[in-house]
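So the chains spell out like this:
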Amino acid sequence: MGQISIILIAGLLFLFSFEPLQTSMNISDMQVVLWTIILTGFPVLITCFVTFYVAKTFPAHEEENLRTLYRLRRFMIVFECLSLAAYLCNLYVLNLPTLIEKYFAFFPMAHLRQTLALLPLLIGLICIRLAFYRVNKLQSGHYREILSLQFKFLLFPLLPMFLYLVIMDAIHWLPYSAKVFIVEHPYILIGLILPVIVSVYIFAPLLMQLLWKTERLAMNSVLKEKLDRLTKQSGIKYREIVVWKTGSLLIANAAVAGTFPWNRRIFLTDALLEYFTDEEIETVVAHELGHIRYRHIPTYMLFALFYLLNYPFFYLLVEEPLVAYLGESQPLLSVVSTLCSLTFLIVYFIFIFRYLSRRCEHQADLYAVRLTEKPEAFKGALAKLAVLNSVPRSVQRFFEIFNTHPSIHRRIEFINQWIEQNATVQRYKNYLVEVKVLIVLLPVFGILAVLLLR
């Protein structure tokens, strides 16, 4: 249901570590605004030019069309990096945050006020994604709906950050002695962040229903009766099955959200209900039940908490010595520190987390075919997902490491190996070794992190 934009997170890190550079440039506020518009629009214009050229030369064959589209999507990160570079010019050359502070000083919440300087990057990323989306001739969709979808996908991971910034502003309003105490005991700040992360996973279903138009699955339908029998057979409890209305976008997808049964919801898009058979939908829902059965949502939550507990060690062992070695210029130190933090974030959430995510997807796939005993229907559902969502069935192994899901081809091969009783695949019926190690190490690193920050 959308993935976190590392480019947007990088922009946030640079913004909140911003230190004005000492430059001889003397430009007016109006010039800052004009150059901000130019720098934001330049990567978008290049993207539009490239995607327009590619759209005219698309191959006629559908599968080759998908491969070309996927290769083009891999280059989207290049244009997003170009947008980030333009945004850094807005920060360090034009001193955009200083302008924001000047004209929005009346807003009492300083940290939230600072996020207004993120708007150029957010607008640039949305426009770039809009241009890439329109290249795909296999998908329809009105511009307004596409724009809304991309905005919500980018906004979704930012909402927890906004909640954290509200907490930081609230701390700023505390008495001076309380603020000093928190600064001297950093683990208290981590303790304030933890509820934010936990609340995101608990209340994710409500947030998704707030952002997207949804409705309950019809209670008297034949499909609802089949799904009720399936979930009763699994013994897994949830609150309801919700249909996500995607309009003209024709997005075929499913997701589960919510940590506890009382607020847990399974989301199915309307395109999934329209183009898939009942048997295929049953296997897709069983896949989501597999995520619940193996506690993947709490696992992801623990993984996010583990990041907070690991970062102090990274800071003391890598970031702090490197910053001390490189020099004394405060703006340069802030940039180096931000790059270190960003590197750790990318390694942790792109390479390590997505490896774990792909393993969890295989585990949920296995649960789906075991519960329904309909492997052919599930393989058919995977093939339809590739066509409707305009993704190729196979992806090179190198590029797959950047994805949260294995390729469709690899997932189908995994099901075939289960049918052949492959011993390696059978081990996925148990909890993953990585999850067991995570649960064991979490309290250990928690205690060490608290001792380290005292």
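Residues numbered from 1 in each chain as written. Predicted model: local features only at pLDDT ≥ 70, side-chain atom pairs only at ≥ 80, totals over all residues. Heavy atoms only, no water.

Draft legend 1. Region of the structure containing the sheet that holds strand 2 (residues 240-244). Pairing is mixed in the open sheet, where four strands are placed in the order 1-2-4-3. A single partner strand is all that each edge strand has here, and the edge strands are strand 1 (214-216) and strand 3 (254-257). Neighbour-to-neighbour, the strand axes of the sheet open up by a mean angle of 30 degrees, direction not taken into account. Bridging between strand 1 and strand 2 involves three bridges; their strand directions are antiparallel. (Pairing = 2+ DSSP bridges. Helix = DSSP H or I, 4+ residues; strand = E, 2+ residues; numbered from the N terminus. Axes fitted to C-alpha atoms, helices over the stretch in contact; angles between N-to-C directions.)

Draft legend 2. Representation of the confidence of the model for the protein chain in the model. Residues of the protein chain with pLDDT of at least 70 account for 87%, and the chain-wide mean is 82. Between the elements of the protein chain, mean pLDDT differs from a low of 60, seen in helix 3 (residues 62-74), to a high of 94, seen in helix 15 (residues 278-293). (pLDDT = per-residue confidence, 0-100.)

Draft legend 3. Geometry of the pattern of salt bridges. All chains considered together, the criterion is met by 15 salt bridges. Among the ionic pairs, Lys102 bridges to Asp29, the shortest N-O distance being 2.7 Å. Placement of Lys102 in helix 5 (residues 96-103) and of Asp29 in helix 2 (residues 29-56) is noted, with a sequence separation of 73 residues between them. The exposed category is assigned to Lys102, whose relative accessible area is 53%. Among the charged side chains, a network of salt bridges with common partners joins Arg216, Glu240 and Arg265. (Salt bridge = Lys/Arg side-chain N within 4 Å of Asp/Glu carboxyl O. Buried < 20%, exposed > 50% of the residue type's maximum accessible area, 1.4 Å probe, protein only.)

Draft legend 4. Structural context of unusual backbone geometry. The backbone of Glu373 shows a phi angle near 55 degrees, a positive value even though the residue is not glycine. Inspection of the secondary structure puts Glu373 in the loop between helix 17 (330-372) and helix 18 (375-388). Judged by its relative accessible area of 66%, Glu373 is exposed. Backbone geometry at Gln421 places phi at a positive 65 degrees, although glycine is not the residue there. Note that Gln421 resides in the loop between helix 20 (408-419) and helix 21 (423-426). Under the relative-accessibility criterion, Gln421 is labelled exposed at 55%.

Draft legend 5. Examining the side chain of Arg265 more closely. With respect to the element layout, Arg265 can be found in strand 4 (residues 265-269). Of note is the side chain of Arg265, whose polar atom sits 3.0 Å from the side chain of Glu240. Setting aside chain neighbours within four positions, we find Arg265 in contact with Pro205, Leu206, Gln209, Arg239, Glu240, Val242, Ala255, Val256 and Ala257. (Polar contact = N/O pair within 3.5 Å; in protein donor to acceptor, adjacent residues only side chain to side chain. Contact = heavy atoms within 4.5 Å.)

Draft legend 6. Quick peek at the layout of surface pockets. What the second largest pocket holds in volume is close to 330 Å³. Along the wall of the second largest pocket there are 15 residues; nearest its centre are His362, Arg397, Glu400, Arg410 and Tyr428. Across the lining of the second largest pocket, the residue classes tally to six nonpolar, three polar and six charged. (1 Å grid on protein atoms, 1.4 Å probe; cavity = no way out; pocket = protein on both sides within 12 Å on 5 of 7 lines; lining within 4 Å. Points joined across faces, edges and corners; volume = space filled by probe spheres on them. Nonpolar A, V, L, I, M, F, W, Y, C, P; charged D, E, K, R; others polar.)

Draft legend 7. Broad picture of helix 9 (residues 158-172). Spanning 15 residues, helix 9 covers 21 Å between terminal C-alpha atoms, matching the ideal 21 Å at 1.5 Å per step. Taken as a whole, helix 9 has its buried residues at Leu158, Pro160, Leu165, Met168, Asp169 and Ile171. (Expected span 1.5 Å × (residues − 1).)

Draft legend 8. Broad picture of the packing of helix 1 (residues 6-16) against helix 4 (residues 76-92). At a minimum axis distance of 10 Å, the contact between helix 1 and helix 4 shows a crossing angle of 15 degrees. With respect to helix 4, the element helix 1 is oriented roughly parallel. When the axes of helix 1 and helix 4 are compared, the crossing they make is right-handed. Within the contact between the two elements, helix 1 uses Ile7, Ala10, Gly11, Phe14 and Leu15 and helix 4 uses Ile77, Glu80, Cys81, Leu84, Tyr87, Leu88, Leu91 and Tyr92. Class assignment for the residues of the contact of helix 1 with helix 4 results in eleven nonpolar, one polar and one charged. (Parallel < 35°, antiparallel > 145°, perpendicular 65-115°, else oblique. Left-handed = near helix turned anticlockwise from the far one by under 90°.)

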